[in-house]
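The lines below spell out each chain.
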Amino acid sequence: MKNLLKIISVVYLLSLSAFADGDSLFSEKWGVHVTWAGGYTHYDAKDLNDVMQALEHQSSTAAGLNQYEVGSFHGHPMLAATIGVYREAWELALELEFWVEDFHQSEIPFYMNRDLDPRFPAHAHISCSDVLAPGFTPVQGGTAGCIQAEEVFTIVPITLQLSRHFSFWRDRVWLGVGGGAGVLAGNAKLKVQTEFVGKDARPNDTMKLTLYPGVNPVFKVFSEAGVKPLRWLGFSLQGGYRWSGMKYVEISEKKGDSFLFGLALGGDSKLSKGNRAYLIRTSNGQGDILVLRDAPTTAEVTQAKLAGNQYSLVKGDFSGWTIEAKVNLWWGIHSH
Amino acid sequence: MRHITSKLTSLVLCLLALHACSDSTSVTKPATKPIKANVGVQAVQAGTRTDSLTVVTLNMSVGWQAEDLVVKKLDDSLVVYTAMKDLYTQYKATLPSLRMMIQAQALKAHPADVIALQETQVMMAGDTESFSFVDTLLADLATIGGPTDWTIVRQNLNPITLNVPDSVGNRMKLNFWEGNVFLIRKGLTVLDSTSAIYNKAVNFSILAQPVGSHRGYEKIKVRTPGGATWQVFNTHLEVELLSLYNLEQGQELNSAAWDAWQALDTGAQVVVGDLNSLTGKGGVGSLTGSSSGFVDLWPLAGVKDSIAGWSCCIGAPQGSTQNYDRRIDYILARNFVRVANMERISLLQGEEWASDHAMLRATLVQQF
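Residues numbered from 1 in each chain as written. Chains lettered and ligands numbered in written order. Predicted model: local features only at pLDDT ≥ 70, side-chain atom pairs only at ≥ 80, totals over all residues. Heavy atoms only, no water.

Enquirer: How should I be thinking about the pattern of salt bridges in this particular structure?
Expert: Any two side chains of opposite charge can pair, so long as their charged atoms come close to each other. On inspection of all chains with the given rule, the structure shows 25 salt bridges over all chains. Three or more residues are tied together by salt bridges with common partners; here these are K46(A), D47(A), D50(A), R281(A) and D288(A). (Salt bridge = Lys/Arg side-chain N within 4 Å of Asp/Glu carboxyl O.)

Given below as structure tokens:
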């Protein structure tokens, strides 16, 4: 570590001496600018949080299941990279943000005859380890089991950005402002494994779903402050605001089946490619209900409205602020 | 299984003679029929006639663990044989003959104009054995001197016909169906009766034979001797476990009731049954929400959502220390002026529960 600091110090001192003739750090007329950033992005994602609440609600009403406890999510750690070209104080760059969020729910037991089993009085906690324990036998030839669920959201906003910088102190410090437009890409991968226990129980099943949100526009503004100790190296902090969202979440690929998941969340026990996520939003305070299905028919929409309910496509609101720490590399192509 | 003291059990055996609300606000049906205007009750206006209808709702089954069937290997004939045999054994252990007699006695003691029954099972095993809840109930009513002259409206659902071999060639022949049934006392004029199956249904298969949990409702339009017209719906919604299905079936029923309401010139509308949802939730929430306008008679009659008002669910057919632990059976209505009586009748005799549900009975008054 000490050696690394020595090397950095020597390089820095050499670079200072290189600019002793008065050249500014942005002296090149044209150049390439590459950045790598880590930070945090915040957003509301109301629909997706409502989906998590609906899952909690739907499982808590199910006999034999524990409360499915979920947290809400309002942001992610993020990574971002840009590559751009600059001309004097203006820069045009392509930025790729990359967020990944994992959810694991490994404690979803079910027990069809739980009410008849004196080992589990009403409201007693029951766990997967209880029903999967060697020697556990459901009463009255019933069936029990455990569901393991895992979901990985990968969200990739890509924006083309135009920025302007203002440099000070012989260009060793700069401020920048900019904006961009692009698309929000990505997907969510869901894996559900169910293990059944009991006499003549169904075979275990596994289902993998890829959920695709379509291509959605992204707009972004930002400001930046940085230092540039070397002609080719700088460090900066960037804060900004992004407007983006998803118009729907659709099953784009499905492998295998999950009998119980399909039964609970599907219009039927089968889910299929092209089904979209809907929330049935209720007006009586009972909580929303999640369903993966084809578009509701006119009759269904009317029936829901008459009851004060509404089928609402699950969308994603990823508008929110970002803050990033960036490493900047410049490669000057044409000097003044 | 819930262990409640015998003291509480005896308490719920008491009839809850609840009445009233004669000084409340209006439920008359406005000419344009905006939904929200139908909530409440009102004092009878001078110069108008009144008439009443006593309605009972009862889910007849007990301890039937058919839900477990769907998570068995139902493509294996031996598994199906065993599962059906187990179910049939459980069914026999519930002593259906005794239970029907207890239900008949309760119905004799608490007479009604319209009796709405759910889970009216018919089980035919082998070539000779056959048992029908409703037919047995009617025979028992006759035996004990109860009312016998009924107009019967049946809705048969979920037929299963199986002839399955075991590993040594023994065969299990089983025909089963269940459904909703109205018993309408003679003296009432039946103006119309229809039934429908909900679009939302749980589908699966047994030995490649499509079966499912198909739920539905039946609707009657009757005229009571005093001249008033009543529409009554009888239904049994999907179980709470499948909250999506329960909610959407409630929406379908609410829509059907609304259409029938629009076509009703005069009279009151009543929805009864096992709605398999807690107060304000799922299917019942779809019917009683602010947009729908059905009045839940229990809170109107002053009963809180507590043990005194619960109507379900007894875990096993025997055991007097058990008690009801939730309210999922309802009598809902609109365009009436008064609830003359509302009661819950517990169906425990000795150690035997005649149903895992209580019987609800209400007398509604309308002016016309």
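So much for the structure itself; the text now carries on.
Enquirer: When you look at unusual backbone geometry in this model, what are you seeing that I'm missing?
Expert: Peptide bonds are mostly trans, and most non-glycine residues show a negative phi. Residues and elements named next belong to chain B. The amide bond that connects C312 to the next residue, C313, takes the cis arrangement and shows omega of 5 degrees. Mapping C313 onto the fold places it in the loop between α7 (297–300) and β15 (329–334). In this structure, A208 is a non-glycine residue whose phi angle is positive, near 65 degrees. Following the sequence through the fold, A208 ends up in the loop between β9 (202–206) and β10 (209–213). Note on A208: relative accessible area 69%, which makes it exposed. Positive phi, normally seen in glycine, also occurs at N335, with a value near 65 degrees. On the basis of relative accessible area, N335 is assigned to the buried category, the value being 12%. (Helix = DSSP H or I, 4+ residues; strand = E, 2+ residues; numbered from the N terminus. Buried < 20%, exposed > 50% of the residue type's maximum accessible area, 1.4 Å probe, protein only.)

Enquirer: Please explain helix α5 (residues 243–263) of chain B as it appears in this structure.
Expert: In this model α5(B) runs 30 Å from its N-terminal to its C-terminal C-alpha over 21 residues, within 8% of the 30 Å that 1.5 Å per residue would give. Most of α5(B) sits out of view: 18 of its 21 residues are buried. (Expected span 1.5 Å × (residues − 1).)

Enquirer: Help me out: how do you make sense of the sheet that holds strand β14 (residues 295–296) of chain B in this one?
Expert: Sheet strands line up and pair through hydrogen bonds in the backbone, either parallel or antiparallel. Residue and element names in this part refer to chain B. With mixed pairing, six strands are arranged side by side in an open sheet as β8-β11-β12-β13-β15-β14. For this open sheet the edge positions go to β8 (189–197) and β14, each flanked by a neighbour on one side alone. As paired strands, strand β11 (residues 216–223) and strand β12 (residues 229–236) are joined by seven bridges and run antiparallel to one another. If you follow E218 over to β12, its bridge partner there is N234. Contacts from α5 reach β11, β12, β13 (268–274) and β15, with the element oriented near 165 degrees to β12. (Pairing = 2+ DSSP bridges. Contact = heavy atoms within 4.5 Å. Axes fitted to C-alpha atoms, helices over the stretch in contact; angles between N-to-C directions.)

Enquirer: What's the story with the pairing of strand β5 (residues 173–197) of chain A in this structure? I'm lost.
Expert: Taken residue by residue, a regular strand's side chains alternate between the two faces of the sheet. Residues and elements named next belong to chain A. Where strand β4 (residues 144–168) lies against β5, 25 bridges are found, and the strand directions are antiparallel. Looking across to β5, one finds that I158 is bridged to V183. A loop of four residues connects β4 with β5, the two strands running antiparallel in sequence, and W169 in this loop sits at a positive phi of about 50 degrees. For β5 and strand β6 (residues 205–212), the ladder comprises seven bridges, and the chain directions are antiparallel. The partner of V192 across the bridge, within β6, is M207.

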